[in-house]
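Each chain, letter by letter, is given below.
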Amino acid sequence: MNLLRIAVIGVGHLGRIHARLLSTHHSPLTTHSQLVAITDPSESAHNAVSAELNVPAFADYRELFGRIDAAIVAVPSRLHHAVAIDLLEHGIHTFIEKPITLNIADADDLIATAAKRGLALQVGHVERFNPAFTAVASQIRDPKYINAVRSGPFTCRSTDVGVVLDLMIHDLDLALSLIDDELVSAEALGAAVIGPNEDWAQARLTFANGCVANFFASRVAWQAQRSLEVITADSSASIDFSTRQAKIMRVGEPIESGNLDVNQLDAASRTHLKDHLFEGYLPLTDLPVNKDSNPLLEEQRSFIAAIHGQAPVAVTGSDGRRALDVAERILTSIAGHHWEGSASGPTGPRFQPRDSSILRGPHWRTPIPASRRLAG
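Residues numbered from 1 in each chain as written. Predicted model: local features only at pLDDT ≥ 70, side-chain atom pairs only at ≥ 80, totals over all residues. Heavy atoms only, no water.

**Regarding the overall build of the protein**
Defined as follows: Counting from the N terminus, the helices are DSSP H or I runs at least four residues long and the strands are E runs at least two residues long. Relative accessibility decides the category of a residue: with a 1.4 Å probe and only protein chains considered, values under 20% of the type maximum give buried, values over 50% give exposed, and everything between is partly exposed. Throughout, a residue-residue contact means that at least one pair of heavy atoms, one from each residue, lies within 4.5 Å. The protein chains shown are the only cover counted for residues, whose accessible areas, like all others here, come from Shrake-Rupley with a 1.4 Å probe.
Looking only at helices and strands, the protein features 11 helices and 14 strands. Counting every position in the protein, which comprises 376 residues, the buried fraction comes to 49%. Nonlocal contacts in the protein, meaning residues at least 24 apart in sequence, comprise 70% of its contacts between residues at least 6 apart. In the form shown here, the protein has an accessible surface area of approximately 17,700 Å², with 51% of it arising from carbon and sulfur atoms.

**Points about the sheet that holds strand S8 (residues 183-191)**
So the rule is basically this: DSSP calls a pair of strands paired once it identifies at least 2 bridges connecting them. Orientation is described by lines fitted to C-alpha atoms, with helices fitted over the stretch in contact, and by angles between N-to-C directions that extend from 0 to 180 degrees.
Strand order in the open sheet made by the eight strands is S8-S9-S10-S7-S11-S12-S13-S14, with mixed pairing throughout. Every other strand in the sheet has two partners, leaving S8 and strand S14 (284-286) as the edge strands with one partner each. Each strand axis lies, on average, 10° off the axis of its neighbour in the sheet, ignoring direction. In this structure, strand S13 (residues 245-250) lies alongside S14, joined through three bridges in antiparallel fashion. Note that in S14 the partner of Lys247 across the bridge is Asp286. Contacts between helix H6 (residues 163-178) and the sheet are confined to strand S7 (145-151), strand S9 (200-207), strand S10 (212-218) and strand S11 (225-231), with S10 contributing the most and set at about 155° to the helix.

**Topic: the packing of helix H1 (residues 13-23) against helix H2 (residues 43-53)**
When two helices pack together, their arrangement is given by the angle between the helix axes and the distance between those axes. To keep things clear, this is the line we draw: Put simply, angles under 35 degrees are roughly parallel, angles over 145 are roughly antiparallel, angles from 65 to 115 are roughly perpendicular, and the rest are oblique. Put simply, a crossing is left-handed when the front helix is turned counterclockwise from the back one by less than a right angle, and right-handed when it is turned clockwise. Under the convention adopted here, Pro, Cys and the residues Ala, Val, Leu, Ile, Met, Phe, Trp and Tyr are nonpolar, Asp, Glu, Lys and Arg are charged, and Gly plus all remaining residues are polar.
The geometry of H1 relative to H2 is characterised by a closest axis approach of 11 Å and an angle of 20° between their N-to-C directions. Judged by the inter-axis angle, H1 sits roughly parallel to H2. Once H1 is placed against H2, the crossing between them reads as right-handed. Counted together, Arg16, Ala19, Arg20 and Ser23 of H1 and Ala45, Ala48, Val49, Glu52 and Leu53 of H2 form the full contact between these two elements. Looking at the contact of H1 with H2, its residues break down into five nonpolar, one polar and three charged.

**Quick notes on the environment of Ile169**
Topologically, Ile169 is positioned in helix H6. Since its relative accessible area comes to 0%, Ile169 is described here as buried. Separated by 70 residues in sequence, Ile169 and Pro99 have C-alpha atoms that sit 7.4 Å apart. When neighbours within four sequence positions are excluded, Ile169 is seen to be in contact with Lys98, Pro99, His125, Val164, Ala323, Leu324 and Ala327.

**With respect to the packing of aromatic side chains**
Aromatic ring pairs are described here by two measures, namely the spacing of the ring centres and the angle between the planes. Stated precisely, the cut-off is as follows: Whether two aromatic rings pair depends on their centres lying within 6.5 Å, for rings of Phe, Tyr and Trp, where Trp uses its six-membered ring; planes under 30 degrees apart make the pair stacked, over 60 edge-to-face, and the rest tilted.
Enumeration according to the criterion identifies two aromatic pairs in this entry. Look at Tyr61 and Phe65: their rings are 6.0 Å apart centre to centre, the planes differ by 70°, and that puts the pair in the edge-to-face class. The buried category is assigned to Tyr61, whose relative accessible area is 13%. Between Phe95 and Phe303, the aromatic rings sit 5.7 Å apart at their centres with planes inclined by 65°, giving edge-to-face as the arrangement.

**Description of the pairing of strand S4 (residues 70-73)**
To keep it simple, the criterion reads: Throughout, right-handed denotes a crossover for which the path from the first strand over the helix to the second runs clockwise when the strands point away from the viewer.
With burial as the criterion, each face of S4 is covered, one bearing Ala70 and Ile72 and the other bearing Ala71 and Val73. Note that strand S1 (residues 4-9) and S4 share four bridges and pair parallel. Residue pairing in the sheet places Val8 in a bridge with Ile72 of S4. Inspection of the sheet shows S4 paired to strand S5 (residues 93-97) by four bridges, in the parallel sense. Bridge pairing links Val73 to Ile96 in S5. What joins S4 to S5 is helix H3 (residues 80-89), and the crossover it makes is right-handed.

**Topic: the packing of H1 against helix H10 (residues 295-307)**
Taken N-terminus to C-terminus, the directions of H1 and H10 make an angle of 65°; their axes are 10 Å apart at the nearest point. Considering their axes alone, H1 and H10 lie roughly perpendicular with respect to each other. With respect to the hand of their crossing, H1 and H10 are arranged in right-handed fashion. Residues Leu14, Ile17, His18, Leu21 and Leu22 of H1 lie in contact with H10, whose contacting residues are Leu296, Leu297, Glu299, Gln300 and Ile304. Here the residues of the contact of H1 with H10 are counted per class, giving seven nonpolar, two polar and one charged.

**Remarks on the environment of Ile231**
Position of Ile231 among the secondary structure elements: in strand S11. The contacts of Ile231, once residues within four sequence positions are left out, are Pro143, Lys144, Tyr145 and Ser236.

**Regarding the side chain of Glu299**
The following threshold applies: Asp and Glu count as negative and Lys and Arg as positive, but His and the ends of the chain are not part of the count. In the sections that follow, a salt bridge refers to a side-chain nitrogen of Lys or Arg positioned within 4 Å of a carboxyl oxygen of Asp or Glu.
Here Glu299 lies in helix H10. Although Glu299 lies buried, it forms no salt bridge, and the closest oppositely charged side chain, Arg128, sits 9.3 Å away as judged by the N-O distance. Setting aside chain neighbours within four positions, we find Glu299 in contact with His18, Phe95, Glu97, Gln122, Gly124, His125, Val126 and Phe129.

**As for the pattern of salt bridges**
Within the structure shown, the criterion is met by 16 salt bridges. Two residues, Asp108 and Arg321, come together in a salt bridge whose shortest N-O distance is 2.5 Å. Here the residue Asp108 occupies a position in helix H4 (residues 104-117), and Arg321 occupies one in helix H11 (residues 317-335), the gap between them amounting to 213 residues. Judged by relative accessible area, Asp108 falls into the partly exposed class, the value being 32%. Using a relative accessible area of 27% as the deciding quantity, one classes Arg321 as partly exposed. A salt bridge links Asp166 to Arg219; the nearest nitrogen and oxygen atoms lie 3.2 Å apart. Placement of the pair is Asp166 in helix H6 and Arg219 in the loop between S10 and S11, with a sequence separation of 53 residues. The same class applies to Asp166 and to Arg219, which are both buried. Within this structure, Lys98, Asp166, Asp199 and Arg219 form a network of salt bridges that share partners.

The structure is reproduced here in structure tokens:
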């Protein structure tokens, strides 16, 4: 097996982490892959990572053509297509951070090019590799309802996109990996708070099989939360991505048998049911989770395994496209939402009266006086 020469394109916050993992003894399939270069147009950024990891650094990724076999692309989202298509056209297997691109046409271009050239194209939806999610995903089927929350303080990262493509898209991808049916409707609202793009958003999706999924994402929240709940016909599962905890509640035999009639229970039986609800009736279990697992490292391993033909691509370009397609539908719904109220008392972030000429859905381009921002 030939040595796989890998580069990291873009060494901002996430790219630097990718480079560190690839350069250490934790490097996936160490004997078959090697970090050979990093690139970033910022001289201070690439010099710092080069010095830290003792790896060659370049300002322009195109200097690497002919020198690498694979690349991890961690550039700003607006550059995803331009960089990735260049790499693919030069025969380089490509891992691209989420979102795959900023529009469906560009995603289709990457998918088609990778397929034509027989190259691996993987999208960095890292939560697929979170051990709490994988523990739950193996235990459930046919979701009826999903509720996802992903929020935290403003980090000043990924400001070229809004919260839907920055945070919510993680949970969109997870939900779509669990729901095997078509989306039939998307209703959403959201608004900008700090930047020009939406900083919080809420969406409700309905699928052809009747499954409903709710999503809330905010990057202006004072408390961090990353959770997912999934309800099926016979179980309910919950995931805390931050603590990597997973629980599942199933329907117990007394309920599943159909012989339990709560209206006919005597006082003692009612007390027993309440005291033992999450034991025999709706048994609640903590699922085993490998908390030592590193999701970013696991997705690197899956990428390299796919290149070597040892496994299929874990999160394909088509997976990334599907999540992007749903995100676009959510953004369209947000843009079409109108807030109700008056100029004397804003009722939402950067709210303006419905008849205002500056109202543009989630993107209020005209500056609003500081005195009116986030007014109660």
